[in-house]
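# Coordinate analysis (summary)
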Amino acid sequence: MLRGTGHGGGDARRRALRSSRRRLPGWIWWLLGIFLLVGLMLFVLHHNQKEQFRPPVVDNGSEMEEVPREKVNFSEELLSSTSFARQLADQMTLAKAYVILAKEHDNLQLAWELSSQIRNCQRLLSEGAVSGRAITKDEAHPIISRLALLIYKAQDSHYDISTTIVTLKNHALALEERAKAAIVQSAEFGQLAAESFPKNLHCLTVKLTEEWLRNPKHRSRSEENRNSTRLVDNNLYHFCIFSDNVLATSVVVNSTVSNANHPQQLVFHVVTDRIHFGAMSTLFLINDFKGCTVEVRCIDEFSWLNASSSPLVRQLSEVETQGYYYSAGSKNPEREIKFHNPKFVSLLNHLRFYIPQILPNLEKVVFLDDDVVVQKDLTQLFSIELHGNVIGAVETCLESFHRYHKYLNFSHPTISSKIDPHTCGWAFGMNIFDLIAWRKANATSLYHYWQEQNSDLLLWRTGTLPAGLLTFYGLMEPLDRRWHVLGLGYDVDIDDRLIESAAVVHYNGNMKPWLKLAIRRYKYIWERVYIQFGLENLAV
């Protein structure tokens, strides 16, 4: 009984327990579901935060693209034998040669294909130069490959290396001839511009000539001035100017008197030609130049200047000389244009060698070219000791370029036997002459001798400077460089400090200050005098 009861009671407890297990899972599963859902959300949130703050992992390929490349020197790239830029440039050069050959052989299709690849090559090189980076293999390889195939195709079309060399040589010679022709043409145009006479200056000459012819008082006053005792007074300061440029001469006179401490003590001896005599005389009669004296004479007055006394006059009367300097065309296309300028054989230009005959009563005189501007008092020149020499001049041999061998033909025995080729050259344009020493040395006869020796133009080509270097050889006294600064008519790099310190600035060269082709940087010096005295109103 007892075992039965006990066994039955145990079964009852087990059934009760299983019954309770069947009721509990509903609550448990709800709780477990909630916990699982919350845990999953926390896991996802935590994982996202870790991904957000994890350092980015970049592969090698992407790193090459994102890291900025270092700038390169593209010129060095083109010189490097291992760079793709050098390979592209070399192939492009060869391709250009084959383009020329293909066109000459009427193979226009090949020429077009080569040109197309050349443009691609140029575009890639341009991009590399602008960005400052090295050209990569991936960029260069397609173009190099296509150019290589086209070059091989061109070579296969019998454009062998010998044909290429001959053709390119012919093209180089043709380009050289074109360059020479362009240089000659440029020189001719420049010379024409330099020799031209601006319209306003021509109108000024016409106006003044008309005034000279219309008003007889000017002619009578001119004759009276010729008898002035001031013209032969050696206690005054005498200057001479030989020119046919009315306006330029007035600028020289104006700039000289405006910088003189005592302008009333200045005397100017101006010589011009018959055409400009009336205009030149009128200009100096109707204007007051601070009390200085201005004498105007015509070159035709000098009866002693004739073919029997002057080798230059005799040579100019010869047909060959006239054809050399004045003919419109030349039989020698390689001639140097600047040495065939008629101005170089103008009698006015050579009058500087006859100053003692023109001014027989004077002892000292300063010669001024018509393309100079005076900036300081020049009367101090008359007190400079010339030590028995005839001429005082500024030397120009700071470099070997301006020594005697530059101007004279030392292969000729007449020159080489008498002259040292390394003697320092000097400048015409602002010179002090001791006329007593001139007459003693008989320098004008020396000038005639050298002109006779150069009748065939073998000693020097033309101009007055070579003749002056020979005439006054051993008779020149060097002056301080600041007295005379040259080059304002051709040199664009003259030091401003040198110009400011100069007593005289000289516009020697083709770019004269009254021409449109003048160097703008220096033109203001001339225009300052031009405007100061109201000369622009005369030239309108």
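That block above? That's the structure.
Quick notes on the rules
- Residues numbered from 1 in each chain as written.
- Predicted model: local features only at pLDDT ≥ 70, side-chain atom pairs only at ≥ 80, totals over all residues.
- Heavy atoms only, no water.
- Helix = DSSP H or I, 4+ residues; strand = E, 2+ residues; numbered from the N terminus.
- Buried < 20%, exposed > 50% of the residue type's maximum accessible area, 1.4 Å probe, protein only.
- Contact = heavy atoms within 4.5 Å.
- Areas by Shrake-Rupley, 256 points an atom, 1.4 Å probe, with all protein chains shown as cover.
- Polar contact = N/O pair within 3.5 Å; in protein donor to acceptor, adjacent residues only side chain to side chain.
- Pairing = 2+ DSSP bridges.
- Axes fitted to C-alpha atoms, helices over the stretch in contact; angles between N-to-C directions.
- Core = buried A, V, L, I, M, F, W, Y, C linked by side-chain atoms within 4.5 Å.
- Right-handed = clockwise from strand over helix to strand, strands pointing away.
- Disulfide = S-S within 2.5 Å.
- Arc of directions from axis to C-beta.
- Salt bridge = Lys/Arg side-chain N within 4 Å of Asp/Glu carboxyl O.
- Phe/Tyr/Trp six-rings, centres within 6.5 Å; stacked < 30°, edge-to-face > 60°.

This brings us to the overall build of the protein chain. Within the protein chain, the regular secondary structure consists of 24 helices and nine strands. Residue burial in the protein chain is summarised as follows: out of 540 residues, 42% are buried. Look at the contacts in the protein chain between residues 6 or more apart in sequence, and 75% of them connect residues 24 or more apart. Accessible surface computed for the protein chain: about 31100 Å², of which carbon and sulfur atoms make up 57%.

A separate point is the environment of K512. If you trace the backbone, K512 turns up in the loop between β9 (504–506) and α23 (520–532). The exposure class assigned to K512 is buried, which follows from its relative accessible area of 10%. Sequence-wise, K512 and K523 are 11 residues apart; in three dimensions their C-alpha atoms are separated by 8.7 Å. Those residues in contact with K512, other than ones at most four positions away along the chain, are D371, Y507, L517 and A518. In terms of polar contacts, K512 uses its side chain to reach the backbone carbonyl oxygen of Y507, at 3.0 Å.

As a further point, take the sheet that holds strand β8 (residues 476–478). Here seven strands make up an open sheet; going across it, the order is β3-β2-β1-β4-β7-β6-β8 and the pairing mixed. Looking at which strands have only one partner, the edges of the open sheet turn out to be β3 (293–298) and β8. Adjacent strand axes in the sheet meet at a mean angle of 25°, parallel and antiparallel pairs treated alike. Relative to strand β2 (residues 266–272), strand β1 (residues 237–242) runs parallel, the two sharing six bridges. Directly across from F239, in β2, lies its bridge partner F268. Against the sheet, helix α12 (residues 274–286) touches β2 and β3, its axis set at about 165° to β3.

Generally speaking, nonpolar side chains in soluble globular proteins are found buried as a group. Counting residues in each nonpolar core, the largest one holds 60 residues, and the members touching the most others are F268, L368 and L378. The leading source of residues in this core is helix α11 (residues 246–258), at seven residues. For L368, the residues in contact, after removing those within four places along its chain, are F239, C240, I241, V252, T256, V374, L378, G429 and M430. The next biggest cluster of nonpolar side chains, apart from the first, holds 44 residues, and it includes V271, F353, L359 and V365.

Another point: the side chain of T293. Inspection of the secondary structure assignment puts T293 in strand β3. Relative accessible area serves as the criterion here: at 13%, T293 is assigned to the buried category. Residues within four places of T293 in sequence aside, it is in contact with R230, L231, L266, V267 and F268.

This paragraph deals with the pairing of β3. Of all six residues in β3, six are buried; the element is thus mostly enclosed. Residues T293, E295 and R297 line one face of β3 and the alternating positions V294, V296 and C298 line the opposite face, and both faces are buried. Sheet analysis places β2 next to β3, joined by six bridges and oriented parallel. Paired with V267 across the bridge in β3 is T293. For the crossover that starts at β2, traverses α12 and ends in the parallel β3, the hand is right-handed.

Quick look at unusual backbone geometry now. Residue K290 is not a glycine yet carries a positive backbone phi of 55°. Within the fold, K290 resides in the loop between α12 and β3. Of note in the backbone geometry, N442 takes a positive phi value of approximately 55° without being a glycine. By the secondary structure assignment, N442 is in the loop between α19 (435–441) and α20 (443–453). Given the relative accessible area of 42%, N442 is considered partly exposed.

What follows is about the state of the cysteines. Throughout the structure, instances matching the rule amount to one disulfide. A sulfur-sulfur separation of 1.7 Å characterises the disulfide bridge that pairs C397 with C424. Every disulfide takes its handedness from the sign of the S-S torsion; for C397 and C424 that torsion is -100°, giving left-handed. Taken together, the residues C397 in the loop between β6 (391–393) and α17 (404–407) and C424 in the loop between α18 (413–416) and β7 (430–434) connect sequence positions 27 residues apart. Across the pair, exposure class does not vary: C397 and C424 are buried alike.

Of the positions making up α20, those classed as buried are A443, T444, Y447, H448, W450 and Q451. Buried residues of α20 fall within an arc of 165° about the axis and therefore sit on the same side. Residues of α20 that are buried in the fold lie against α13 (311–316), α15 (347–350), α16 (355–358), α18, α19 and α21 (465–471).

What follows covers the pattern of salt bridges. A side chain of one charge can pair with a side chain of the opposite charge if their charged atoms are brought near each other. This model, assessed by the stated rule, comprises 15 salt bridges. A salt bridge links R86 to D90; its shortest N-O distance comes to 3.1 Å. With R86 and D90 both in helix α5 (residues 84–104), this residue pair falls four residues apart, about one helical turn. Taking relative accessible area as the criterion, R86 reaches 27% and is therefore assigned partly exposed. Residue classification places D90 among the partly exposed positions, given a relative accessible area of 42%.

In this section: the environment of A393. Relative to the helices and strands, A393 resides in strand β6. Linking A393 and D480, residues 87 residues apart in sequence, is a C-alpha distance of 8.5 Å. Every residue in contact with A393, bar those within four places of it in the chain, is listed here: W426, A427, N431, M476, E477, P478 and L479.

We now examine the packing of aromatic side chains. Counted under the stated rule, the structure contains 20 aromatic pairs. Ring centres 5.7 Å apart and planes at 85° place the aromatic pair W212 and F277 in the edge-to-face group. Of the two residues, W212 is situated in helix α9 (residues 199–214) and F277 in helix α12; the sequence distance between them amounts to 65 residues. Since its relative accessible area comes to 17%, F277 is described here as buried. For the ring pair F433 and F472, a centre distance of 5.9 Å and an interplane angle of 45° mean the geometry is tilted. Of this pair, F433 sits in strand β7 while F472 is found in the loop between α21 and β8, placing the two residues 39 residues apart along the sequence. For F433, a relative accessible area of 0% gives the class buried. Put simply, the rings of F302, W304, F353, Y354, W426, F428, F433, W438, Y447 and F472 touch in pairs and so form one group of aromatic residues.

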